[in-house]
Amino acid sequence: MTTTTTTTTTMTMTSAAVTTATVPVSDALVHYDRLGPSGSTRTPLVLVHGTGSAGAALTWGQIAPRFAEDRTVITPDLSGTDRTTDGGGPLTVEGLAAQVVAVIEDAGTGPVDLLGFSMGSPVAAAVAALRPDLVRRLILVAGWAHTEADEFLRNTFALWNRLGTTDPESFGRFVMMTSFSRGFLNAIGREQVDAMSANMPPTPGTLRHADLDARVDIRDLLPRVQAETLVIGCLQDATVPVEQSRALHAALPGSTYAELDTGHVAFFERPEEFRELVDEFTAGA
């Protein structure tokens, strides 16, 4: 039996209230936020965050309010984040997908538009494959299907895990350097670059995500995806090479593909272009 605890507060980032709720899933108590105007007729948008124990707040803090100007936006915090508690065991794509499914069902919004970024991309794809009734349109951003198939990707996540346990400062700086394009880092300047290197410390939750990143393999699930899909690759991505997004597109017959000339975190570098791309794809009821 699913039970939900809900509180509502008004946030300065949007004129609408942000509702925070929790839903139990297996051994986890999953938190999620719901924001946006009341009475919107647009299909709700669920945003699935990438690696990092800060979860949705770090990934979606800047872009979610923009999407929420005219639609409901739901941002789950999955196991490994600071807001969600669980038994602390190894994570799986299917396990995190089950948490997203529970959030969608608990929110009671019906079929949603589902967007997954980085680690959230294989999770979102798994949701669409396992519960096609819950996903109207699917957007996969800077994602991949199989870590072991790419030596660059495999070694990137191996280095994350090594630095996370031996050199936390270098871990943060390496993640920051590979998350953004060189042009973006030079444009924001040294003070902001140094501050950003502390945004994703190698907490136990972050390292649980990194461990999952190293084991991702959703190749068997991709043929089961039925939702109309947009795959977005990031041309200057130094974390998940753009070739991985192109491969996802090729593995999803009928999918649409777009590339942004950014680093890994496209919606930080070009938020309006990113928003327009997603809004255009999800236009309609």
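Look up a bit, the structure's there.
Fair warning: this is a prediction, and the values are worked out from it, not measured in the lab.

**Student:** I'm lost on empty space enclosed by the protein in this one. Help?
**Tutor:** Here the idea is plain: a probe the size of a water molecule rolls over the atoms and shows the empty space left. Per the counting criterion, the structure on display carries one cavity of 30 Å³ or more. Put simply, the largest cavity is a space of about 340 Å³. In terms of lining, the largest cavity is formed by 21 residues, of which the most central are L58, V175, S179, M200 and V265. Going through the elements one at a time, α1 (56-60), α6 (168-179) and α11 (266-269) are the ones with two or more residues in the lining of the largest cavity. No other element matches the four residues that α6 contributes to the lining of the largest cavity. Of the residues contributing to the lining of the largest cavity, the split by class is eleven nonpolar, ten polar and no charged.

**Student:** It is not clear to me how helix α5 (residues 151-166) should be interpreted in this structure. Could you clarify?
**Tutor:** Given 3.6 residues per helical turn, the α-helix brings residues three or four places apart onto the same face. The first and last C-alpha atoms of α5 sit 22 Å apart over 16 residues, in line with the 22 Å expected at 1.5 Å per residue. Residues of α5 that are buried include every one of L153, T156, F157, W160, L163 and G164, and no others. Down the axis of α5, the buried set is contained in an arc of 130°. They therefore lie on one face. Among the exposed residues of α5, those pointing more than 90 degrees away from its buried face are R162, T165 and T166. Next to the buried residues of α5 lie α6, α9 (204-213) and α10 (242-251). Where α5 begins, the side chain of D150 points an oxygen toward the backbone nitrogen of F152, at a separation of 2.9 Å.

**Student:** Please clarify how the layout of surface pockets should be interpreted in this entry.
**Tutor:** Estimated volume of the second largest pocket: approximately 170 Å³. If you go around the second largest pocket, you meet 15 residues; those closest to its centre are D27, S79, L91, G95 and Q99. Counting residues per element, the lining of the second largest pocket draws most heavily on helix α3 (residues 93-107), which supplies four residues. Each residue belonging to the lining of the second largest pocket can be placed in one class, and the counts come to six nonpolar, six polar and three charged.

**Student:** I would appreciate a short explanation of the nonpolar core in the present structure.
**Tutor:** With 56 residues, the main nonpolar core has V46, V100, L114, V135 and L138 as its most contacted residues. Here this core takes nine residues from α3, the largest share from any one element. Setting aside residues up to four positions removed in sequence, L138 forms contacts with L114, A124, A125, A128, V225, A227, E228, T229, L230 and F281.

**Student:** Quick question: what am I supposed to make of the side chain of T282 here?
**Tutor:** Summarising the element assignment, T282 is placed in the segment after α12 (271-281). From its side chain, T282 meets the backbone oxygen of V278 in a polar contact 2.8 Å long. Not counting residues up to four positions away in its chain, the partners in contact with T282 are R42, R71, D113, R136, R137 and I139.

**Student:** Got a minute to help me understand the packing of α3 against helix α4 (residues 120-130) in this structure?
**Tutor:** Interhelical geometry of α3 versus α4 gives an angle of 65° and a closest axis separation of 8 Å. With respect to α4, the axis of α3 lies roughly perpendicular. The hand of the α3/α4 crossing is right-handed. Between α3, through V93, L96, A97, V100 and V101, and α4, the contact on the second element is made entirely by P122, V123, A126 and V127.

**Student:** Would you take a moment to explain unusual backbone geometry for this structure?
**Tutor:** As a rule of thumb, non-glycine residues mostly have phi less than zero, and peptide bonds are mostly trans rather than cis. The phi torsion at S118 lies on the positive side, around 55°, for a residue other than glycine. Positioned with a positive phi, A142 is a non-glycine residue whose angle comes to about 50°. Along the polypeptide, A142 turns up in the loop between β7 (135-141) and α5.

**Student:** Help me out: how do you make sense of the packing of α5 against α9 in this one?
**Tutor:** To describe two helices that pack against each other, one gives the angle between their axes and the distance between the axes. With their axes 9 Å apart at the nearest point, α5 and α9 run at an angle of 155° to one another. Relative to α9, the element α5 lies roughly antiparallel. In this structure, the crossing between α5 and α9 has a hand that is left-handed. For the pair formed by α5 and α9, the contact residues are F157, W160, N161, G164 and T165 on the first element and L207, A210, D211 and D213 on the second. Partitioning the contact of α5 with α9 into residue classes produces four nonpolar, three polar and two charged.

Basis of the calculations
- Residues numbered from 1 in each chain as written.
- Predicted model: local features only at pLDDT ≥ 70, side-chain atom pairs only at ≥ 80, totals over all residues.
- Heavy atoms only, no water.
- 1 Å grid on protein atoms, 1.4 Å probe; cavity = no way out; pocket = protein on both sides within 12 Å on 5 of 7 lines; lining within 4 Å.
- Points joined across faces, edges and corners; volume = space filled by probe spheres on them.
- Helix = DSSP H or I, 4+ residues; strand = E, 2+ residues; numbered from the N terminus.
- Nonpolar A, V, L, I, M, F, W, Y, C, P; charged D, E, K, R; others polar.
- Expected span 1.5 Å × (residues − 1).
- Buried < 20%, exposed > 50% of the residue type's maximum accessible area, 1.4 Å probe, protein only.
- Arc of directions from axis to C-beta.
- Contact = heavy atoms within 4.5 Å.
- Polar contact = N/O pair within 3.5 Å; in protein donor to acceptor, adjacent residues only side chain to side chain.
- Core = buried A, V, L, I, M, F, W, Y, C linked by side-chain atoms within 4.5 Å.
- Axes fitted to C-alpha atoms, helices over the stretch in contact; angles between N-to-C directions.
- Parallel < 35°, antiparallel > 145°, perpendicular 65-115°, else oblique.
- Left-handed = near helix turned anticlockwise from the far one by under 90°.

Treat this as a map of the structure, not an account of what it does.
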